[in-house]
Amino acid sequence: MNRPHPDTDGLDWPFLLDALAGSARTTLGRQAMLTLQPLTTIQAVSAAYDGVDELAGLEDEGVDVGVGAVHDIRSTTARAAQGGVLDDAELRTAGNTLVALNHMAQTLDRHGDKAPTLAAIVGVIELDFGVVDTLSTAWEPTGELSARAFPQLGELRERIAAIHSRIRTTLDGMVSGETLGGALQDTFWTQRDNRYVLPLKQFAKGSNVGIVHGTSRTGQTVFVEPHEVVALNNNLRITEGELAAEEHKIRATLSRALGSSAPQITDALEAAVAIDLTAARLGLSRTLQCPRPSVGTDGVIRLQQARHPVLALRGVDVVANDLRINSDSPALVISGPNAGGKTVALKTIGLCALLVQRGCFVPADEGSRVDLFEEIAAAIGDQQTVEGDLSSFSAHLVVLGEMLQMARPGALLLLDELATGTDPTQGAALAQAVLETLLDRGARLVITTHFGRLKGLATVDPRFAVAATRYADGQPTYQLVFGTTGESRALDLAYRMGMDEAILDRARELMGTGEAQLAQTLEALEEERTKAEMATQALAKQARDLQLREAALARRDATIAKRAKQLEQEAADAFLVRLKGADKAIGQVVADLQANPGHARANAARAAVSAMRGLAPKKGGKVPAIPAKPTELAAGDRVKLVKVGTRGEVVDVGNKDARVRVGSMTLNVKLKDPERIGGPPPKPQGPARPRKVARAPQGLPLNEAVRLPSNTLDLRGQRVEEGLEACDKFFDRATMSGHETLFLLHGHGTGAMKVGVRGWLKGNTLVGRWAPASEEQGGDAFTVVTLTV
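Residues numbered from 1 in each chain as written. Predicted model: local features only at pLDDT ≥ 70, side-chain atom pairs only at ≥ 80, totals over all residues. Heavy atoms only, no water.

1. Section: the environment of Val229
Now for step 1: Within the secondary structure, Val229 is located in helix H9 (residues 227-260).
Now for step 2: For Val229, a relative accessible area of 0% corresponds to the buried category.
Now for step 3: The spacing of Val229 and Arg166 is 63 residues in sequence and 8.8 Å in space, taken between C-alpha atoms.
Now for step 4: Once residues lying within four places of it in the same chain are set aside, the contact partners of Val229 are Ile167, Thr170, Leu171 and Tyr196. (Helix = DSSP H or I, 4+ residues; strand = E, 2+ residues; numbered from the N terminus. Buried < 20%, exposed > 50% of the residue type's maximum accessible area, 1.4 Å probe, protein only. Contact = heavy atoms within 4.5 Å.)

2. Remarks on the nonpolar core
Now for step 1: Counting 120 residues, the largest nonpolar core has Leu98, Leu101, Met104, Leu200, Leu254, Leu303 and Leu412 as its most contacted members.
Now for step 2: Top contributing element to this core by residue count: helix H10 (residues 262-288), with 13 residues.
Now for step 3: The residues contacting Met104, other than those within four sequence positions of it, are Val65, Val67, Val122, Ile125, Ala272 and Ile275.
Now for step 4: Residues Ala379, Val399, Met406 and Leu445 belong to the second largest nonpolar core, which totals 28 residues. (Core = buried A, V, L, I, M, F, W, Y, C linked by side-chain atoms within 4.5 Å.)

3. Let's talk about H10
Now for step 1: The end-to-end C-alpha distance of H10 is 39 Å, a good match for the 39 Å that 27 residues give at a rise of 1.5 Å each.
Now for step 2: Across the 27 residues of H10, 19 count as buried, placing the element largely inside the fold.
Now for step 3: Positioned one or two residues after H10, Gln289 has a phi angle of 55°, which is positive. (Expected span 1.5 Å × (residues − 1).)

4. Description of the packing of helix H4 (residues 74-81) against H9
Now for step 1: Packing of H4 against H9 brings their axes to within 7 Å, and their N-to-C directions diverge by 105°. Relative to H9, the element H4 is oriented roughly perpendicular. Of H9, the residues touching H4 (which contributes Thr77, Ala80 and Ala81) are Ser255, Leu258 and Gly259.
Now for step 2: Here the contact of H4 with H9 is built from residues that sort into three nonpolar, three polar and no charged. (Axes fitted to C-alpha atoms, helices over the stretch in contact; angles between N-to-C directions. Parallel < 35°, antiparallel > 145°, perpendicular 65-115°, else oblique. Nonpolar A, V, L, I, M, F, W, Y, C, P; charged D, E, K, R; others polar.)

5. Thoughts on the sheet that holds strand S19 (residues 712-714)
Now for step 1: With respect to topology, four strands assemble into an open sheet ordered S19-S20-S22-S21, the strand pairing being mixed. The strands lining the two open edges of the sheet, one partner per strand, are S19 and strand S21 (767-772). Neighbouring strand axes in the sheet, compared pairwise and without regard to direction, differ in orientation by 20° on average.
Now for step 2: Relative to strand S20 (residues 741-745), S19 runs parallel, the two being bridged by three bridges. Bridge assignment links Thr712 to a residue of S20, and that residue is Phe743.
Now for step 3: Seen against the sheet, helix H21 (residues 752-762) touches S20, S21 and strand S22 (782-787) and runs at an angle of roughly 150° to S21. (Pairing = 2+ DSSP bridges.)

What follows is the structure, encoded as structure tokens:
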């Protein structure tokens, strides 16, 4: 039996929840929002709000975190982890998703100072670089497996294309020639069962032209594979089979790679869902123009100019109202005319409280506060049920019984038209007793009613506040006025709904002259008071708007000051970039001198260095000079020239300058420039023996080296000879810039580049040690190298 019970459906929460989920940018986020449990701590709500503010700030600056590109690849990843082979579309989607996850993590990590909450969420994303790279580079723009990544596919496809061309050329010759004479039904070739055939007339079927593969519907045309192309067709099918087998093998390899990262992908997708929940909250707040409210745990609701969110989403011009509940007045009794907005005000309070439970801003002005409630329940409308054999009043009693069980501190209970459907006197008395009990148990209450007894509660019990929706000029204003009660105005509503005037006159007659006059007097007083209250509220709103504008100006001033500091920092950063460029240029000058020593080259070098001094900021500029480090040098010391990016040996030291030997040349440098890295080299004991291959000292283990863009060379897509030439130049640049650990990205492919590079390393005198990179460094697609000192 279906029994009525208090819930949130009557508040139109399902509609609002659908709108919130619809603001998510992924299917994962939409599903998660629809099943999201209410937040239970103030810390969780604050973190959700911080995330919304951070994401809004990033997007206002044009930063796209890219969460919308994340797809739900949970099932395909799980199938791959169990040994399944995924198809092309599934693997492409997985690769695109991994790229999107990496982009999201890198973007938020890069902006971690502005978005620490979001950066912490994506901190768990640790995808294998090799897997991401393999899956993302495995496809052509057309969607097929890439011949660049898998050269064997290119060879097979070229063979297939060549066979197609030979077959077509042969058939074109037969069609245009005289061999077949009048046997041709048409001057074209076609395919049947993936084999090339010619359309011949029915009588040619037995002329031994070739193999018959079928006939037309009319039987007038037979499709014959000429003997001249049978072997080519066979070769085509065999080669296509080889291509299909190779593609299946590659798909299996890619599927295993994806499956091997299943745990990390699961963690990354969960982080993406959390980011998308933030995006959904931001989307709804932008649609409803919601500022961030204050949130506490004291059961306080202070909504300023709150708007019913469902009506606003439907495009209704909503009348905003101030609404409040607090510890002094934990119950709000709303009265007023039928269809005057009482239930809308009650629902607005309930929906705002539900939004806070989901970490969302609320549609109200700045300065609003909605505390976090543990329980929110509502009884809206007639709960009568024939199936449950319950009348309207019986259904009310069932709901009230459940609410009495729910009543406790942290509960918000919303009751629309309490205890109707029975004798008004007894119903009002029962309603008052229930409300007093609910308050005694610590709940917060919002009630709509027409009962005079409940309207007057504020005069006998300070825990009750009253408010009324008002009339003005014979029409409902939908404006809520605190401290007043409202008349039902049943006859006015009946008139507006088109009730027969004669019936309304008879109703006034039945009320009696005194009662009718009293009602008219009260209604007139109510209208006058409504106009006064509305004028007062308009003035209060103007004052509030002025305060908001002043606050906005203060925020703008703070933003301008912050931007000024950012511009200062950007100027400093730009100077450092120029300084690094100068260092690189000086390194190139030194390299040129080493390769071509001589006075002319030295003079040219001095001129180039003098020109680079112009990059330094002028005296009194914004960028502070870097203080020189005191250096005590002696002849024979080993030093590092930081600006040049190389090492040398001190020849002699003057008062302001020192001479440093670098290779076959000697440089004059300022005393503050060299950085001492050791004393004179030890003298050799006994006769010196030639070194075949210099070895680097056993310092940092190779598997602990950190890969950076500046110390990594990408060789993919090059021929082996081109790659080795690039390695040679890269090593020279690394020697000049002071890099001692390098990474070579050769990929897997056919393995030719990997074999060629590692063979080249074995005989290179600049190489100390080398080894395949560890899984953490990118796996066997990389080789890590240390240079000799």
